[in-house]
Each structure stands twice: as structure tokens, then as C-alpha cells.
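# A closer look at the structure
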Amino acid sequence: MGAHAESIALVKVAAHAASEKLAENMVALDVADRLGVTDAFLIVSGGSEPQVNAIVDEIVAEVLDKYSMRPIRREGFGLGRWVLLDYGDVVVHVQHQEDRIFYALERLWADCPVIELPAENPENQK
């Protein structure tokens, strides 16, 4: 069955917000058929603790603006290493680059379909 259209739209809004704060290596995965409790993961990286926190703030603000939704749960904020934003059907993982390499979430969920994300803003690829 796969992720619902609403979940995919939320992933794309979160990815856009992350790209505004120069997030790197964005990957969206459809985990609906494998996990059952959520539809999709968005995994993004930041190069420093302040950048991770800025990415999180931007995602929360943009999702609130577009959907009037706040995360059900927010874990790890302030530490700037790995912040999890749980929106129910979508879970956003914002990780410091070092933690992203160490935990390798994409490898754990490698059998899940990738959700196509819009191209990043060319200004953010510098």
C-alpha cells in the first residue's frame, strides 16, 4: 500500500524547510509496509550542532505554518546531535553528520522504497 499522499506531502514540506537551512544528504523513505506505525522517514544531516538545531527549528516552523501541526514528540533537541521530530505518520531525523555515518539509518531501512524529493535549492548546494 505504501505511504499516504498526505504523508508524502508533509515529507516534502519538511525537506524544503531543511534545505532552507542548508541540510545535506536528504533521504526520504516509505516505511509504511515495513513498520506499520508510521508512513515515512525523512533523514537529513547538518554539519554542526547549531546547524542541526536550526534545521529542526525551520522544519517545525514550516510544518506549523503549512499544516498547523506541531510534533507529537520531539527528542534530542538542544544537544544538536540527533533530533527526532515525530509527526505521527512522518518521523523526521535530523542528525549531525558524524552521527548519521555511525548510525546509518539508511542501511537499516535499505529495503524500503525511496520517496522522490524535489531538487534542492541551487543556492543551498554551495
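Note that the structure is predicted; figures quoted are calculated from it, not measured.

Structurally, A54 can be placed in helix α3 (residues 49–67). Taking the relative accessible area as the measure of exposure, A54 reaches 28% and is therefore partly exposed. For the pair A54 and L84, spaced 30 residues apart in the sequence, the C-alpha separation amounts to 13 Å.

Before going further, it helps to examine the pattern of salt bridges. What the rule picks out here adds up to seven salt bridges. Between E75 and R73 there is a salt bridge, with its nearest N and O atoms 4.0 Å apart. For E75, a relative accessible area of 42% gives the class partly exposed. Residue classification places R73 among the partly exposed residues on the basis of a relative accessible area of 46%. Note that R81 and E98 form a salt bridge whose closest N and O atoms lie 2.9 Å from each other. Pair noted here: R81 is in the loop between β3 (73–75) and β4 (82–86) and E98 is in helix α4 (residues 97–103), with a separation of 17 residues, a long-range link. Overall, R81 belongs to the partly exposed group, its relative accessible area being 24%. It is possible to trace a salt-bridge network through shared partners that takes in E49, R81, E98 and D99.

Spanning 19 residues, α3 covers 27 Å between terminal C-alpha atoms, matching the ideal 27 Å at 1.5 Å per step. Listing the buried residues of α3 in full gives Q51, V52, N53, I55, V56, I59, V60, E62 and V63. The inward-facing, buried residues of α3 abut α1 (5–20), β2 (40–46), β3, β4 and β5 (90–96). Phi turns positive, to about 55 degrees, at S68, one or two residues after α3.

Conventions used here
One numbering rule holds for all chains: residues counted from 1, following each sequence as written. With pLDDT at 70 or above as the cut-off, local features in this predicted model cover only qualifying residues; side-chain atom pairs require 80 or more to be listed or tallied, and sums for whole chains, interfaces and linings still use all residues. Hydrogens and water molecules were not included; the side-chain quantities draw on all heavy atoms of the structure. Secondary structure elements are defined from DSSP: runs of H or I of at least 4 residues count as helices, runs of E of at least 2 residues count as strands, and each element is numbered from the N terminus. Partly exposed residues are those whose accessible area sits between 20% and 50% of the maximum for their type, while under 20% is buried and over 50% is exposed, using a 1.4 Å probe and protein chains only. Each salt bridge in this description consists of a side-chain nitrogen of Lys or Arg and a carboxyl oxygen of Asp or Glu lying within 4 Å of one another. Expected helix span is taken as 1.5 Å per residue step, with the number of steps being one fewer than the number of residues. The contact rule is simple, with two residues in contact once any of their heavy atoms fall within 4.5 Å.

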